[in-house]
Amino acid sequence: MIRHASKLATCGAMVAGMVGLASASWAQTEVKSPTLDAVKKRGQLVCGIDTGIPGYAYQDASGKWQGLDVALCRAVAAATLGDPEKVKYIGTTSKVRFSVLQSGEIDLLVRDSELTLTRDSQLGLMEITPNFYTGQTIMVRKSLNVAHVKDLNGATICMLTGTTLETNISDYNRANNIKIGTLLFDRPEEAFAAAESGRCDGYTDDGGSVAAARSAMKKPDDWVFLPETLSRQPLGPHTRQGDDRWTNIVKWTHFAMLEAEELGITKANVDEMKKSSTDPQVKKFLGLEGDLGKGLGLDNDFAYKIVKAEGNYGEVYEATFGSKGLGLPRGLNNLYSKGGLMYPWSWY
Amino acid sequence: MVRRPSSRAYAAQWLLLLAVLAVAWFIVADAADNLGRRNISFGFGFLADRANFDIPFRLVPWIESDTYGRALLVSFLNTLLVSALGIVVATLLGLLVGIMRLSVNWLVRSVALAFIEFVRNTPQLIQIIFWYVAVLQTLPSPRQSIVLPAGLLLNIRGLYIPNAILGAHGALLAWLAVAAVIATPFVWRLDIGGWRIGAKALVLPVLAAILLGAGVDRLEWPVLKGFNIAGGTQVPPELVALWAGLSIYTAAFIAEIVRGSIQAVPKGQGEAAKALGLKSAPRMFLIILPQALRIMVPQLTSQYLNIIKSSTLGAAVAYPEVFQIFAGTVMNQSGREIETIIIVMAIFLAINLLASAFMNWYNQRVALVER
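Summary of the structure given here. (Residues numbered from 1 in each chain as written. Chains lettered and ligands numbered in written order. Predicted model: local features only at pLDDT ≥ 70, side-chain atom pairs only at ≥ 80, totals over all residues. Heavy atoms only, no water.)

### Focus: the overall build of chain A
A count of helical and extended segments in chain A gives 14 helices and 13 strands. Taken over the C-alpha atoms alone, chain A extends approximately 100 × 55 × 35 Å along its principal axes. Buried positions account for 53% of the 348 residues belonging to chain A. Considering only contacts in chain A between residues 6 or more positions apart, those separated by 24 or more positions represent 72%. Summed over its atoms, the accessible surface of chain A is roughly 15300 Å², and 55% of this surface lies on carbon and sulfur atoms. Within chain A, one finds 39 positive and 41 negative side-chain charges whose respective centroids are separated by 4 Å. (Helix = DSSP H or I, 4+ residues; strand = E, 2+ residues; numbered from the N terminus. Buried < 20%, exposed > 50% of the residue type's maximum accessible area, 1.4 Å probe, protein only. Contact = heavy atoms within 4.5 Å. Areas by Shrake-Rupley, 256 points an atom, 1.4 Å probe, with all protein chains shown as cover. Lys, Arg positive; Asp, Glu negative; His and termini not counted. Charge placed at Lys NZ, Arg CZ, Asp CG, Glu CD.)

See the structure below:
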């Protein structure tokens, strides 16, 4: 009997222990994000960006990084660390960008990278959501008098290697039974020089990058964009697979910038709105009501910090690609309510 | 047994080998483990997948629907082509500058010295980009092509050479012509019962030219059509820039090797040749250079290997060699980073091992046989 009882006790203890362990580990998975922990411990976000291209990521006259992608890095730093300046930027070439992320050298990759099935399924990466919609665009010299892409039969187009550009051209060739030649360069400097000198008839990249290339030409007005795009190119941030919480933080940081635009909250009026707004949507967004931020493992006012630091998506676009930047119309990157594709997920 | 130094040495070597293998195994296992944990698959099956991109310059046919494996072959041949061209020109130019460096004429000597010091003290990549951007991109557009003799066209897109379209038996005749040219030096040395053929062997190359001419049906001239020149064979500026960058840079190093090797030949050899009444040219080419060659060969080998490896700089000027096509486009499209890098490394290792094996064989052939 006594032996029985002790057996039972052992059994009970084991069960209790297992339940305890399970609940502990369950509780842990809910808040645990190795990347977020590492960022907080380091006191700095390490963000992989482009090595330098107007619009996405470039250094201004004072050497400070600017751009649409840089803004997302800064916004994530503001949301997680409370300070948009606490970012270390790692310039990555298109060849190494994914390896650098896989190896853990960077916490987040925001480098005008296309979201594709192959990358999502075979590289151990998470594709979050597009922060820039574009399509492969070709720019040619005005003097060639070319109006459409299909008129380019026999022409040679310069582009960068390590991308999806040459495949899209190849698909276009097969679909239209024409032959557009390609010339692949490792770095933008030589590719721009080759286009400028006439070695190629045109230059191609995603719409944003071609706008950047045009701004680098000696006489930008000599170049025109052809109206057709050869591909859809949803560009967006990437994280490592297996850290879902971190992926969520990046995703909702982007959505916070969209939601702010939707709600009419800007960098300039965010403090005012926080003080005086009676709109429950705004109050929830800025963390005055509910606990949306806590669910992400962040401070409840993370969205306030993001808008305070970077402004809303529209402001960032205007400063980088829009009227104050490269002069690219907003197009697909407008809010859904204004004819674009930017559609924030529901904020509750 | 244990005390014998030789068996102890063997034991130490075996232990070292085991340790190296253990470390290698650990690295491979660790990499495989990490790949598995990051949900990355590993394998070479992707070589049979459709490539779907264009390779603008190639020696063998290529269409966009070919496989990655075929892309590897095409880019491999491009690497071999530019390496071979680079080695030939670097050797000839290096020999010339090396001999100039020892000239009794002050101007000739100084020009060679200036060339060497300027070229070998500036980065090779910058030189390649210089040839490409600053020199070749100043050529006129296709519409304003420079017309050269024999129907050649020169413009910013390259040098265009008329194509010979072979007739019905053209291919056979062309192969016969090649065989005739290859046979020439052997026939030259032929000795039939004391009757040496010698210079009469030059009939063969003439015959080859006639055979080639007979095989050609018509010529395809390069002409402007649309945006580009159509017809003819294009020598693209990317190839020329890389070729120039590789051969001129290495020629500077080879020139110094040549100079050093010539100076290492005992002075008495030159003096003896002079005493026999030989003029300066035969003295150099018959007496001194053959002896200097023995000293040169091992050092030349490493320069040749450098040329082959530096051909990867072609990626900067859009020359489609192995590194650009395979470690660039294919790596990006297939996502197979480790596999593509392993393949590219294996290819360069193979080319370089073959090149050094050949040079070692040649070295043994020319080395002084001591009895």
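### Describing the state of the cysteines
Residues and elements named next belong to chain A. Under the defined criterion, the tally for this structure stands at two disulfides over all chains. Here Cys47 pairs with Cys73 through a disulfide, and the sulfurs are 2.0 Å apart. In this structure, the disulfide formed by Cys47 and Cys73 twists by about -70 degrees around the S-S bond and is classed as left-handed. Here the residue Cys47 occupies a position in strand 1 (residues 45–50), and Cys73 occupies one in helix 3 (residues 68–81), the gap between them amounting to 26 residues. Just as Cys47 is buried, Cys73 falls in that class too. Disulfide pairing places Cys158 opposite Cys200 at an S-S distance of 1.6 Å. Residue Cys158 is located in strand 9 (residues 156–160), and its partner Cys200 is located in the loop between helix 7 (188–197) and strand 11 (202–206); the two are separated by 42 residues in the primary sequence. The same class applies to Cys158 as to Cys200, namely buried. Once the bonded cysteines of chain A are numbered in order along the sequence, the disulfide links fall as 1-2, 3-4. (Disulfide = S-S within 2.5 Å.)

### So, the nonpolar core
If you look at the biggest cluster of nonpolar residues, it comprises 68 residues, and the most contacted ones within it are A:Phe185, A:Tyr203, B:Phe53 and B:Phe326. Counting residues per element, this core draws most heavily on helix 9 (residues 280–310) of chain B, which supplies eleven residues. With residues up to four places along the chain from it excluded, the contact list for B:Phe53 reads A:Glu166, A:Ser170, B:Trp62, B:Glu64, B:Tyr68, B:Ala71, B:Ile325, B:Thr329, B:Val330 and B:Gln333. Counting residues in each nonpolar core, the second largest holds 59 residues, with A:Ala75, A:Val76, A:Leu296 and A:Ile306 among its members. (Core = buried A, V, L, I, M, F, W, Y, C linked by side-chain atoms within 4.5 Å.)

### Structural notes on the sheet that holds strand 10 (residues 233–235) of chain B
Residues and elements named next belong to chain B. The strand order 1-2-3-10 describes an open sheet built from four strands, whose pairing is antiparallel. Because the sheet does not close on itself, it has two edges, and the strands there are strand 1 (146–147) and strand 10. Summarising the sheet, strand 1 and strand 2 (residues 153–155) pair through two bridges and their orientation is antiparallel. In the sheet register, Val147 faces strand 2, and the bridge partner there is Leu153. (Pairing = 2+ DSSP bridges.)

### Here we look at the packing of helix 7 (residues 237–264) of chain B against helix 9 of chain B
Residues and elements named next belong to chain B. Following both chains from N to C, one finds helix 7 and helix 9 inclined at 145 degrees, their axes separated by 8 Å at the closest point. Relative to helix 9, the crossing made by helix 7 is right-handed. Residues Leu246, Thr250, Phe253, Ile254, Ile257, Val258, Ser261, Ile262 and Ala264 of helix 7 touch helix 9, and the partners they reach there are Met284, Ile288, Leu289, Ala292, Ile295, Met296, Gln299, Leu300, Gln303, Tyr304, Ile307 and Ser310. When its residues are assigned to classes, the contact of helix 7 with helix 9 shows 16 nonpolar, five polar and no charged. (Axes fitted to C-alpha atoms, helices over the stretch in contact; angles between N-to-C directions. Left-handed = near helix turned anticlockwise from the far one by under 90°. Nonpolar A, V, L, I, M, F, W, Y, C, P; charged D, E, K, R; others polar.)

### Remarks on the interface of chain B and chain A
Residue-level contacts link 38 residues of chain B with 47 residues of chain A. When the two sides are added together, the surface that chain B and chain A hide from each other amounts to roughly 3300 Å², 44% of it contributed by carbon and sulfur. Interface area lost by chain B to chain A is led by B:Arg157, B:Phe227 and B:Asn332, which between them contribute 19%. Where chain B touches chain A, the interface holds four salt bridges. With a shortest N-O distance of 2.7 Å, B:Glu238 and A:Arg199 are connected by a salt bridge. One can count 18 residue pairs in polar contact (both at pLDDT 80 or more) joining chain B with chain A. Of all the secondary structure elements, the ones that give two or more residues to the side of chain B that touches chain A are helix 4 (124–135), helix 7 and helix 10 (322–334) of chain B. Looking at the side of chain B that touches chain A element by element, the count peaks at nine residues for helix 10 of chain B. Residue classes in the side of chain B that touches chain A are distributed as 17 nonpolar, twelve polar and nine charged. (Buried area = accessible area lost by both parts, 1.4 Å probe. Salt bridge = Lys/Arg side-chain N within 4 Å of Asp/Glu carboxyl O. Polar contact = N/O pair within 3.5 Å; in protein donor to acceptor, adjacent residues only side chain to side chain.)

### What to know about the pairing of strand 13 (residues 233–240) of chain A
All names here are of chain A. Where burial is concerned, most of strand 13 is hidden: six out of the eight residues are buried. The pairing of strand 5 (residues 108–114) with strand 13 spans three bridges and is antiparallel. Paired with Glu114 across the strands is Leu235, a residue of strand 13. Pairing geometry for strand 6 (residues 125–127) and strand 13, over three bridges, is antiparallel. Each residue of the ladder has a partner; that of Glu127, found in strand 13, is His238. Pairing of strand 7 (residues 132–134) with strand 13, which is carried by three bridges, proceeds in the antiparallel orientation.

### Things to note about the pairing of strand 5 of chain A
Residue and element names in this part refer to chain A. The buried fraction of strand 5 amounts to seven of the seven residues, a majority that puts the element mostly inside the structure. Where strand 1 meets strand 5, two bridges bridge the pair, whose relative direction is parallel. Opposite Gly48, over in strand 5, you have Leu109 as the bridge partner.

### A word on the environment of B:Pro140
Residue and element names in this part refer to chain B. Residue position: Pro140 is located in the loop between helix 4 and strand 1. We classify Pro140 as partly exposed; its relative accessible area is 23%. Here the alpha-carbon distance between Pro140 and Ala273, two residues 133 residues apart in the chain, equals 52 Å. The residues touching Pro140, leaving out its near neighbours within four places in the chain, are Ile146, Leu154, Asn155 and Ile156.

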